[in-house]
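Topology and contacts: notes
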Amino acid sequence: MSTLAAGVGGSIHLFTNLLQAGFLSGIGAIIFFFLLISTPDDNGKGMMKRVGYLLGFATLTGVGMGPLLEHVILVNPSIIITAFIATSVVFVSFSICAIFSERGKWLYLGGTLFTLLNSLMLMSLANILFGSTLLWNIQIYLGLFAMCGFVLYDTQAIIEKRRMGSKDFVAHSLDLFVDFIGVFKRLLIILTQKEQDQKKKKGNN
């Protein structure tokens, strides 16, 4: 449902004038995110409200990806389908790996992954000043590696939470949705860059 909502959000940006990616959509996504994590599950009593917050966050996340999708469509629209299929394959493969691995095997990745995520944020801030293409590429590929790691980590974390009695599938869905979008976005960027490089080489030849 979250992925479909994100798709609807992206379509709203691309094909309508109802809502465009920008400051308001970004703030809206943040508001829905904090409403979701601050609203207790309360044994399922607040489920419908929290599902609404989740879908609101997912939709506005999709709207926020609109400019990237516009750029990809200009380069080669088929990249979106390729990236989505590749993301699905990566997501399912890593999830199955986490499910059938030894109990808690991937939970040790948590500290490393969060440290890597913080480092990527610092690199992103630093690159605002330097504008380095090399640093940008490092961010993208390391970010893809980190998000794949989070699929392993979050899947096993969700399994452990369920074993301890947690039935908060909305919060669990949020974790996996963020992982999916993280992988998808970075694959879009990588595939688009490769397509542009190939076109430049053909143009030079």
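Residues numbered from 1 in each chain as written. Predicted model: local features only at pLDDT ≥ 70, side-chain atom pairs only at ≥ 80, totals over all residues. Heavy atoms only, no water.

**A few points about the packing of aromatic side chains**
What counts here: Centres within 6.5 Å are what make two rings of Phe, Tyr or Trp a pair, Trp counting through its six-membered ring; a difference in plane orientation under 30 degrees is then read as stacked, over 60 as edge-to-face, and the rest as tilted. The numbering of helices and of strands both runs from the N terminus, where a helix is a DSSP run of H or I of at least 4 residues and a strand a run of E of at least 2. Only protein chains enter the calculation, and the probe is 1.4 Å; a residue is then buried if its accessible area is under 20% of its type maximum, exposed if over 50%, and partly exposed in between.
Per the stated rule, a full pass over the model turns up ten aromatic pairs. Judged by centre distance (6.4 Å) and plane angle (45°), the ring pair of Phe 32 and Tyr 53 falls under tilted. Highlighted residues: Phe 32 in helix α2 (residues 23-38) and Tyr 53 in helix α3 (residues 47-64), separated in sequence by 21 residues. On the accessibility criterion, Phe 32 (28% relative accessible area) is partly exposed. Aromatic pair Phe 114 and Phe 150: ring centres 5.2 Å apart, planes at 75°, arrangement edge-to-face. Taken together, the positions of Phe 114 in helix α6 (residues 109-130) and Phe 150 in helix α7 (residues 133-163) put the pair 36 residues apart, joining distant regions of the chain. Its relative accessible area of 5% is what places Phe 150 among the buried residues. Among the aromatic residues, those joined into a ring-pair cluster are Phe 33, Phe 34, Phe 57 and Phe 177.

**What to know about the UniProt feature "transmembrane region" (unreviewed entry) in the protein**
Convention followed: UniProt positions are given in the numbering used here, feature names are shortened, and annotations may be inferred rather than shown by experiment.
Those places that UniProt annotates as "transmembrane region" (unreviewed entry) correspond, in this numbering, to residues 18-39, 51-73, 79-100, 107-128 and 134-153. Across residues 51-73, the secondary structure splits into 96% helix and 0% strand, with the terminal C-alpha atoms separated by 31 Å. Structurally, residues 79-100 comprises 100% helix and 0% strand, and the distance from its first C-alpha atom to its last is 31 Å.

**Quick notes on α3**
Worth spelling out the cut-off: One fewer than the residue count of a helix, multiplied by 1.5 Å, yields its expected span. Residue contacts are counted whenever heavy atoms from the two residues lie within 4.5 Å of one another.
Over its 18 residues, α3 extends 25 Å from the first C-alpha to the last, a length consistent with the 26 Å expected when each residue adds 1.5 Å. Within the span of α3, buried status applies to Arg 50, Val 51, Tyr 53, Leu 54, Gly 56, Phe 57, Ala 58, Leu 60, Thr 61, Gly 62 and Val 63. On the buried face of α3, the contacting elements are α1 (2-15), α2, α4 (66-75) and α8 (169-204).

**A word on the environment of Gln 193**
When you line up the elements, Gln 193 lands in helix α8. In this structure Gln 193 comes out as partly exposed when scored by relative accessible area, which is 21%. The spatial distance from the C-alpha of Gln 193 to the C-alpha of Ser 2 is 27 Å, given a sequence separation of 191 residues. The residues touching Gln 193, leaving out its near neighbours within four places in the chain, are Trp 136 and Asn 137.

**A word on the layout of surface pockets**
Cut-off, in case you're wondering: Whether a set of points on the 1 Å grid over the protein atoms alone is a cavity depends on a 1.4 Å probe fitting there but being unable to get out, while an open set qualifies as a pocket with protein on both sides within 12 Å along at least five of seven lines; lining residues are those with an atom within 4 Å of a point. Grid points are joined across faces, edges and corners, and a volume is the space filled by probe spheres set on the points. Amino acids outside the nonpolar list (Ala, Val, Leu, Ile, Met, Phe, Trp, Tyr, Cys, Pro) and the charged list (Asp, Glu, Lys, Arg) are all regarded as polar, and Gly is one of them. By convention here, the domain bounds are inherited from an automatic or database domain assignment.
In this structure, the largest pocket occupies an estimated 1300 Å³ of space. For the lining of the largest pocket, the secondary-structure elements that each account for two or more residues are α2, α3, α6, α7 and α8. Broken down by element, the residue count for the lining of the largest pocket peaks at twelve residues, all from α8. In terms of residue class, the lining of the largest pocket is made up of 25 nonpolar, eight polar and eight charged. When residues are assigned to domains, the lining of the largest pocket turns out to be shared by domain 1 (1-75) and domain 2 (76-204), each giving three or more. What lines the second largest pocket is a set of 17 residues, and nearest its centre among them are Ala 6, Gly 7, Leu 69, Ile 80 and Phe 184.

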